[in-house]
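Coordinate inspection notes
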There are 2 protein chains.
Amino acid sequence: MIKLEIKLMKNILGANDEIAALNRKLFAERGVVVMNLMGSPGSGKTTLLEKTLVRLVDKIKIAVIEGDLFTAKDAERIERAGVEVIQINTAGGCHLDAAMIQKACTSLDLNAIDLLIVENVGNLVCPAEFDIGENFKAVVLSITEGDDKPLKYPLIFKESEVTLLNKIDLLPFTNFDLRSAREDLITLHPTIKIFETSCTGGTGLEDWCTWLLQKVAR
Amino acid sequence: MIKLEIKLMKNILGANDEIAALNRKLFAERGVVVMNLMGSPGSGKTTLLEKTLVRLVDKIKIAVIEGDLFTAKDAERIERAGVEVIQINTAGGCHLDAAMIQKACTSLDLNAIDLLIVENVGNLVCPAEFDIGENFKAVVLSITEGDDKPLKYPLIFKESEVTLLNKIDLLPFTNFDLRSAREDLITLHPTIKIFETSCTGGTGLEDWCTWLLQKVAR
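Residues numbered from 1 in each chain as written. Chains lettered and ligands numbered in written order. Predicted model: local features only at pLDDT ≥ 70, side-chain atom pairs only at ≥ 80, totals over all residues. Heavy atoms only, no water.

**Let's talk about the confidence of the model for chain A**
Averaged over all residues, the pLDDT of chain A equals 94, while 94% of them reach at least 70. For this predicted complex, the interface confidence reaches an ipTM of 0.89, while the overall pTM sits at 0.93. (pLDDT = per-residue confidence, 0-100.)

Written as structure tokens, this is what we have:
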């Protein structure tokens, strides 16, 4: 086997980081906690968000920014939960960046929000590279994606304070090795918080929401 | 709901297309058919490839280029099938481009190959934007990713001559609407070929391999 390592240019990241720092300062001034929610297409981010909102909407004030290439399908789903939603369509772009979030926030009354959840574009690679000014990143990994994903896509798991091993109800129908995945996650990120969740059965959702409430209360 | 559409700059695509044209010319001269295999992380691309190689390795000469951010896990799996494999590690890059394929091909004896399969980085967005000089693109969509994915990530399905609806054995455990997904695929790409496959049960693999052999024979 022949192995080649080829690096792509990433000269746009410096400019992004400057805007992210401005966003972070603004969020701190207004007392808003911001979660950047990431994961592959179909990992279950939007459904998890729906289930999370149902549990939290009476306890804290939440707004959501939905990132998608096209369509407002996800934003329409989230709006039904009774929270303010801003849809960003990237017209094919593979991630949200700090400038997009800056622009979206001009349409939000940040003083009236405790928690801003940004659902990033479905992609296990690019979103992890772009700081948007969030307080913390969270990554959703579906059991059906396979236990090899943390080592194959290490950056997103290194960057994320919390990993949700989602669709855990499908575990018996896959060859996903839960112990191996947990070990790899901890190797990559020793302090990572891991939840096993199922939006079908409800497994783990209470613990996840309790943790999220504590993040906002701090 | 507020909707914003924000376009990213894509000025690197022109340079890529020039190299892709050179690759395409080279492949034609050497009589190699090239498939660009794409899909989300965990859609089942590598397992599908393993099952495909087992069925075709005695019939035609195949080589594989494996694209991954890090690790050679996939290439090691493919090598066991007894075909030549080149691993490209993008060191965090989210897609393969034409220059990477050009470089990798200098290590291959193209005259001795009928079919070159390029397994792209796991990503439903970026790989679709980069022509690598392939004859055709194929996209693997796992049933567990959800039936909304064709409309949410339209480019990759518009660009791909064939879609494999994979992990079809998990259909009973999901709310995936097969009819709706098929309708959306055909709306996006009226001539698209669709296979329903399962690498666990073997569903659809013979039909898929027969189709692939016909592509090489042409």
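**Things to note about the pattern of salt bridges**
Two side chains carrying opposite charge are able to pair once their charged atoms lie near each other. This structure, assessed with the given rule, holds 28 salt bridges over all chains. Taking the shortest distance from any N to any O, the salt bridge between lysine 152 of chain B and aspartate 74 of chain A comes out at 2.6 Å. Residue lysine 152 of chain B is found in helix α5 (residues 149–152), and its partner aspartate 74 of chain A is found in helix α3 (residues 73–79); the two belong to separate chains. Aspartate 74 of chain A matches lysine 152 of chain B in its accessibility class, with the two residues each being buried. A salt bridge links lysine 215 of chain B to glutamate 161 of chain B, with the shortest nitrogen-to-oxygen separation between them at 2.4 Å. You can see lysine 215 of chain B sitting in helix α8 (residues 205–217) and its partner glutamate 161 of chain B sitting in the loop between α6 (154–159) and β7 (162–166), a full 54 residues away along the chain. Three or more residues joined by partner-sharing salt bridges are found here, namely Arg24, Asp131, Glu134, Lys137 and Glu159 of chain A. (Salt bridge = Lys/Arg side-chain N within 4 Å of Asp/Glu carboxyl O. Helix = DSSP H or I, 4+ residues; strand = E, 2+ residues; numbered from the N terminus. Buried < 20%, exposed > 50% of the residue type's maximum accessible area, 1.4 Å probe, protein only.)

**Describing the interface of chain A and chain B**
With 57 residues of chain A at the interface, the matching set in chain B holds 57 residues. With both sides pooled, the region where chain A packs onto chain B buries about 4900 Å², and carbon together with sulfur makes up 64% of that total. Applying the counting criterion to the chain A and chain B interface returns four salt bridges. Linking chain A to chain B there are nine residue pairs in polar contact (both at pLDDT 80 or more). When residues of the side of chain A that touches chain B are traced back to their parent elements, those giving at least two are β1 (2–5), α3, β4 (84–89), α4 (98–105) and α5 (149–152) of chain A. Here the side of chain A that touches chain B gets six residues from one element, more than from any other, and that element is α3 of chain A. Split by residue class, the side of chain A that touches chain B holds 26 nonpolar, 13 polar and 18 charged. (Contact = heavy atoms within 4.5 Å. Buried area = accessible area lost by both parts, 1.4 Å probe. Polar contact = N/O pair within 3.5 Å; in protein donor to acceptor, adjacent residues only side chain to side chain. Nonpolar A, V, L, I, M, F, W, Y, C, P; charged D, E, K, R; others polar.)

**Looking at the relation of the copies chain A and chain B**
Superposing chain A onto chain B takes a rotation of 180 degrees plus a shift of 0.0 Å along the axis, which leaves an RMSD of 0.0 Å. Considering both components of the superposition, the chain copies are consistent with a two-fold axis. Most of the interface of chain A is mirrored in chain B, where 100% of its interface residues are also at the interface. (Least-squares fit on C-alpha atoms with pLDDT ≥ 70 in both.)

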